[in-house]
Amino acid sequence: MRQGGKSPWEAWRKETEIGIHQIEGIRIGQARDEQGATGCTVILCPKGAVTGVDVRGSAPAGRETETIKPGNVCDVAHAVVLSGGSAFGLDAASGVMEYLEEQGIGFDVGLTRVPIVCGASLFDLTVGSHKARPDKAMGKRACLDAVPGKEILQGNHGAGTGASIGKLLGETYMMKSGLGACCFQLGELKVGAVVAVNALGDVFDLDTGEQIGGLLSEDGKSLRLTEPLLYERDGKDKNYFTANTNTTIGCVITNAVLDQAQAGKVAGIAHDGMARTIAPVHTWADGDTIFTMATGEVKGDPNAVGTLAARAMGYAINRAVREASAAYGLVCAGELVMRAAREQGAEILPVDSEHSAIFQCLTGRAGELHKILLTGSGGPFRGWTREAT
């Protein structure tokens, strides 16, 4: 629902949103094979985070998902790896294991330390080269990229490098997606989500319900809905693994105090964010998986943490689509918008105040402009001191 042309959540987001890299004790690094169209995203917590998982899709590729379930010995993990490459891509976790062992991180077993590294992979083998998969070396590169305080790159990066959506009718009508992130702070509580969107279905704006990506029309110039076509094709071509395969994988990150059962429940609630932005979702052809990593710094109501996680996950999914760039012969959401604007003779104006001001200065007046001063008052600069900027 919109009020006066704006989402009722817009003001709230401006007041509460921070960068996910601002969660203390967490480092996020990425690596990719841009030519091969695959990559991985590594979320490190050297001191260990209480970790839970909830798998909703029926075709998952996962690692150490049983180890972190309540009732088992391990209640913390030191890393979560999101990767492309289908089940082959789980090999990236070996590089993360090696890196953490070298840093002396993990459970002390006398002879060495054994880190707990969880992971999930999505299927991107049909986008680039099916021989290109995240491996041990790529996993270690992603760890080396995990610099404290470094802002995460979204779109065609990390696990989102070869991600795509709207795949019911195969490669001809699917479009590019990627990796997205979103994080909120309420008081001292911080809850965020990182997700690589590689869904069979379409993607919709969390606040408005508007379709922003997915199955392309016959002429490839606009979008159409997957769900009605799925009903029409009932009983036909049920092997979705022949030309297109799927899976949306993500991780909720929070500084809340959670036990193992609560971390798993938060991951389950976060799937609501997936269900509110992707349709169809959690199908037999998807391996949808969400982890939760809780660093245990701040007390918070698990219900509020889970609900906030669902919202962060929904916005992160939207960003994964909007931040993606056209690649590998696949169009992106931005390309569809620009194409429609050109055909209608419409002008696209930046909404953000700073961007809009620059746009207005440059339009037809480039020769008169001598200097542009940029200020960093919000967004990733929120909370920075004057000296830090």
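See above for the structure.
Everything quoted here is computed from the prediction, not taken from an experiment.

About the criteria used
Residues numbered from 1 in each chain as written. Predicted model: local features only at pLDDT ≥ 70, side-chain atom pairs only at ≥ 80, totals over all residues. Heavy atoms only, no water. Buried < 20%, exposed > 50% of the residue type's maximum accessible area, 1.4 Å probe, protein only. Helix = DSSP H or I, 4+ residues; strand = E, 2+ residues; numbered from the N terminus. Pairing = 2+ DSSP bridges. Arc of directions from axis to C-beta. Contact = heavy atoms within 4.5 Å. Phe/Tyr/Trp six-rings, centres within 6.5 Å; stacked < 30°, edge-to-face > 60°. Lys NZ or Arg CZ within 6 Å of the ring centre and 35° of its normal. Axes fitted to C-alpha atoms, helices over the stretch in contact; angles between N-to-C directions. Parallel < 35°, antiparallel > 145°, perpendicular 65-115°, else oblique. Left-handed = near helix turned anticlockwise from the far one by under 90°. Nonpolar A, V, L, I, M, F, W, Y, C, P; charged D, E, K, R; others polar. Salt bridge = Lys/Arg side-chain N within 4 Å of Asp/Glu carboxyl O.

**Some thoughts on the pairing of strand β8 (residues 117–121)**
Next, step 1: Extensive coverage of β8 is indicated by the burial of 5 of its 5 residues.
Next, step 2: Residues Val117, Gly119 and Ser121 point to one face of β8 and Cys118 and Ala120 to the other, with burial holding for every one of them.
Next, step 3: Two strands pair when backbone bridges link them, and strand β4 (residues 62–63) and β8 are joined in this way by 2 bridges, in the antiparallel orientation. Each residue of the ladder has a partner; that of Gly62, found in β8, is Ala120.
Next, step 4: Here strand β5 (residues 76–83) pairs with β8 via 5 bridges, running parallel.

**Topic: helix α3 (residues 136–144)**
Next, step 1: Listing the buried residues of α3 in full gives Met138, Gly139, Ala142 and Cys143. Down the axis of α3, the smallest arc covering the buried residues is 145 degrees, so these residues share one side.
Next, step 2: For α3, the elements touching its buried residues are β2 (27–33), β3 (38–55) and α2 (92–102).

**Structural notes on the packing of aromatic side chains**
Next, step 1: The full count for this structure, using the stated rule, is 3 aromatic pairs.
Next, step 2: Plain terms: the ring middles of Trp9 and Trp12 are 5.3 Å apart, the flat faces sit at 85 degrees to each other, and that makes the pair edge-to-face.
Next, step 3: According to the relative accessible area criterion, Trp9 is partly exposed, its value standing at 35%.
Next, step 4: A connected cluster of aromatic rings, assembled from ring pairs, spans Trp9, Trp12, Phe184 and Tyr315.
Next, step 5: When the ring centre of Phe88 is taken as reference, the NZ or CZ atom of Arg133 above it lies at 3.7 Å.
Next, step 6: When the ring centre of Trp9 is taken as reference, the NZ or CZ atom of Arg311 above it lies at 3.6 Å.

**What about the packing of α2 against α3?**
Next, step 1: At a minimum axis separation of 6 Å, α2 and α3 run at an interaxial angle of 50 degrees. The pairing of α2 with α3 is recorded here as oblique in orientation. In terms of crossing hand, the pair formed by α2 and α3 is right-handed. Across the interface between the two elements, Ala92, Ser94, Gly95, Val96, Glu98, Tyr99 and Glu102 of α2 pack against Lys136, Gly139, Lys140, Cys143 and Leu144 of α3.
Next, step 2: Of the residues that constitute the contact of α2 with α3, the class distribution is 5 nonpolar, 3 polar and 4 charged.

**Digging into the pattern of salt bridges**
Next, step 1: This structure, assessed with the given rule, holds 15 salt bridges.
Next, step 2: Residue Arg13 pairs with Glu17 through a salt bridge whose shortest N-O separation is 3.5 Å.
Next, step 3: Among the salt bridges present, the one from Arg319 reaches Glu17, with a minimum N-O distance of 2.6 Å. Taken together, the residues span a long stretch of sequence, with Arg319 in helix α6 (residues 302–322) and Glu17 in strand β1 (residues 17–18) at a distance of 302 residues.
Next, step 4: Residues joined by salt bridges that share partners form a network here, namely Glu98, Glu102, Lys136 and Lys140.

**Concerning the sheet that holds strand β13 (residues 202–204)**
Next, step 1: With antiparallel pairing, 3 strands are arranged side by side in an open sheet as β14-β13-β16. Two strands bound the open sheet, and with one partner strand each, they are β14 (211–213) and β16 (278–279).
Next, step 2: Both β13 and β16 contribute to a ladder of 2 bridges, which runs antiparallel. Along β16, the bridge assignment pairs Asp202 with Ala279.

In short, shape yes, function no, at least from these values alone.
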